[in-house]
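# Inside the fold
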Amino acid sequence: MEETKKRMISGIKPTGHLTLGNYIGAIKQFIKYQDDYELLVFIADLHALTLPIDPKELRQNTKDLISVYLACGLDPEKVVLFKQSDVHEHAELGYIMACNSNMGELSRMTQYKDKTQKISNKESIPTGIFIYPALMAADILLYDADYVPVGIDQKQHVELTRDLAIRFNSHYSDTFKVPEPVINKQGAKIASLSAPEKKMSKSESDKGTIYLLEDLNVIRKKIMSAVTDLGHEIIYDPENKPGVSNLLVIKSSLSGIAISDLEKKYEGMGYGEFKRDVADTVCEHLKGLQDKVREIQSSGAIDKILADGAAKASYLASKKLNKVYRKVGLRANK
Ligand code: AMP
Ligand code: TRP
């Protein structure tokens, strides 16, 4: 890796099944960046523990996530690919960041509010979900990342990371690089097929979510029954035509064809034919992906890739944590 490249880091939690939203909003971006940036991509498995999860499911999700990363084209020769829990510095710096954050800023996080509003007994809100952004800040700050490519829902957490870094730097002297979020313009928020005003999400297992590894026939059915909008024009108008616009974004992201060109292509076409075309593109894309995932899972290559990635990440993370331990007074200041 050349030193002149800017550094980027991002991760995905191995909770639930990966969705088309994860692919278009996050993973596809990583692939795009791997040549031009020094990229670190990890499996945020410690974050998966912030809400209850079955150990067997966590193991399977972790295996699926690394396989999907590889199948989508993340190249372990170019990218540092690792599992968060393999690099113990994440948990350690996460603790330090939790000690340098406050209840006010953590309770203002939209994701925290969303995820806990469904819990009726507030006393039972798991502490992990509350301090989650402190761990996420540690994930980023450990590596002096310049940029953090994420979907729009994570922007607030990266902004909090910036605040925590600036606060730490001014309190203990310059220690952390202050990172910037990178949100892709198109596809930052893929919507649910059945409720296009909502985000397509892995926690909401409904007919509106396309899972990357699910049966292609099921995927086709979901797209064919996607909610479309009044009228019959196939144009990009997220406000008045959220359903059609979402399908256009999906088609454009997977085919590489600009939305304006798609609008021309679909002029005069009915919704049924339009959806069939989107379904063809999605299924063709995911068939290739699913075949590769199966190949990777039976190749036995995963363990070594993760071990190599963890060794590289640990090298960087341990240097940074040492510095932090010195700054805060846990180690001799030499
Ligand atoms: P999560 O599934 O919440 O762990 O998210 C992993 C990554 O995928 C994050 O960068 C999210 O912002 C992104 N992501 C998740 N769902 C979507 C969606 N529906 N549209 C775009 N990006 C998404
Ligand atoms: N919180 C992110 C999510 O839910 C995952 C994540 C954890 C992450 N640590 C990160 C993303 C560091 C970018 C950088 O999607």
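As the structure is a prediction and not an experimental result, all values here were calculated from the model. (Residues numbered from 1 in each chain as written. Chains lettered and ligands numbered in written order. Predicted model: local features only at pLDDT ≥ 70, side-chain atom pairs only at ≥ 80, totals over all residues. Heavy atoms only, no water.)

## Quick look at the domain arrangement of the protein
- Considered domain by domain, the protein is made up of domain 1 (7–188 + 300–328) and domain 2 (206–294).
- Distance between the C-alpha centres of domain 1 and domain 2: 30 Å.
- Facing 14 residues of domain 1, the contacting portion of domain 2 comprises 15 residues.
- Taking both partners together, domain 1 and domain 2 bury about 1300 Å²; carbon and sulfur atoms supply 75% of that area.
- Summed over the shared surface of domain 1 and domain 2, the result is 0 salt bridges.
- Linking domain 1 with domain 2 are 4 residue pairs in polar contact (both at pLDDT 80 or more), by the criterion used here.
- Breaking the side of domain 1 that touches domain 2 down by element, the ones donating at least two residues are helix H1 (20–33) and helix H3 (55–72).
- Among the elements that line the side of domain 1 that touches domain 2, the one with the most residues is H3, at 5 residues.
- Class assignment for the residues of the side of domain 1 that touches domain 2 results in 7 nonpolar, 5 polar and 2 charged. (Domains from an automatic or database assignment. Contact = heavy atoms within 4.5 Å. Buried area = accessible area lost by both parts, 1.4 Å probe. Salt bridge = Lys/Arg side-chain N within 4 Å of Asp/Glu carboxyl O. Polar contact = N/O pair within 3.5 Å; in protein donor to acceptor, adjacent residues only side chain to side chain. Helix = DSSP H or I, 4+ residues; strand = E, 2+ residues; numbered from the N terminus. Nonpolar A, V, L, I, M, F, W, Y, C, P; charged D, E, K, R; others polar.)

## Some thoughts on the site of ligand 2
- For ligand 2, the set of nearby residues contains 13 residues, the closest of which are Lys13, Tyr132, Met136, Asp139 and Gln154.
- Here Tyr132 contributes a side-chain N or O atom positioned 2.5 Å from a nitrogen atom of ligand 2.
- One nitrogen or oxygen atom from the side chain of Asp139 is found 2.6 Å from a nitrogen atom belonging to ligand 2.
- Burial of ligand 2 by the protein amounts to 92% of the accessible area it has alone, namely 360 Å².
- A breakdown of the residues in the shell around ligand 2 according to their chemical character gives 7 nonpolar, 4 polar and 2 charged. (Near = heavy atom within 4 Å. Areas by Shrake-Rupley, 256 points an atom, 1.4 Å probe, with all protein chains shown as cover.)

## Let's talk about the packing of H3 against helix H12 (residues 271–299)
- At their nearest, the axes of H3 and H12 sit 9 Å apart, and the two run at 120 degrees to each other. Taken together, the axis directions place H3 and H12 in an arrangement best described as oblique. Handedness of the H3/H12 crossing: right-handed. Here Lys63, Asp64, Ser67, Val68, Leu70, Ala71 and Cys72 of H3 lie close against H12, whose contacting residues are Leu289, Lys292, Val293, Ile296 and Gln297.
- For the contact of H3 with H12, the class distribution of residues is 7 nonpolar, 2 polar and 3 charged. (Axes fitted to C-alpha atoms, helices over the stretch in contact; angles between N-to-C directions. Parallel < 35°, antiparallel > 145°, perpendicular 65-115°, else oblique. Left-handed = near helix turned anticlockwise from the far one by under 90°.)

## Re the nonpolar core
- Grouped together as the largest cluster of nonpolar side chains are 56 residues, with contacts concentrated most on Leu20, Tyr69, Leu81, Ile223, Ile250 and Phe274.
- It is H12 that contributes the most residues to this core, 10 residues altogether.
- When near neighbours in sequence (up to four residues on either side) are disregarded, Tyr69 contacts Gly11, Ile12, Ile27, Phe30, Val41, Phe42, Ile43, Leu74 and Leu81.
- Core analysis: the second largest hydrophobic core is formed by 42 residues, Ala44, Phe82, Tyr112 and Leu316 among them. (Core = buried A, V, L, I, M, F, W, Y, C linked by side-chain atoms within 4.5 Å. Buried < 20%, exposed > 50% of the residue type's maximum accessible area, 1.4 Å probe, protein only.)

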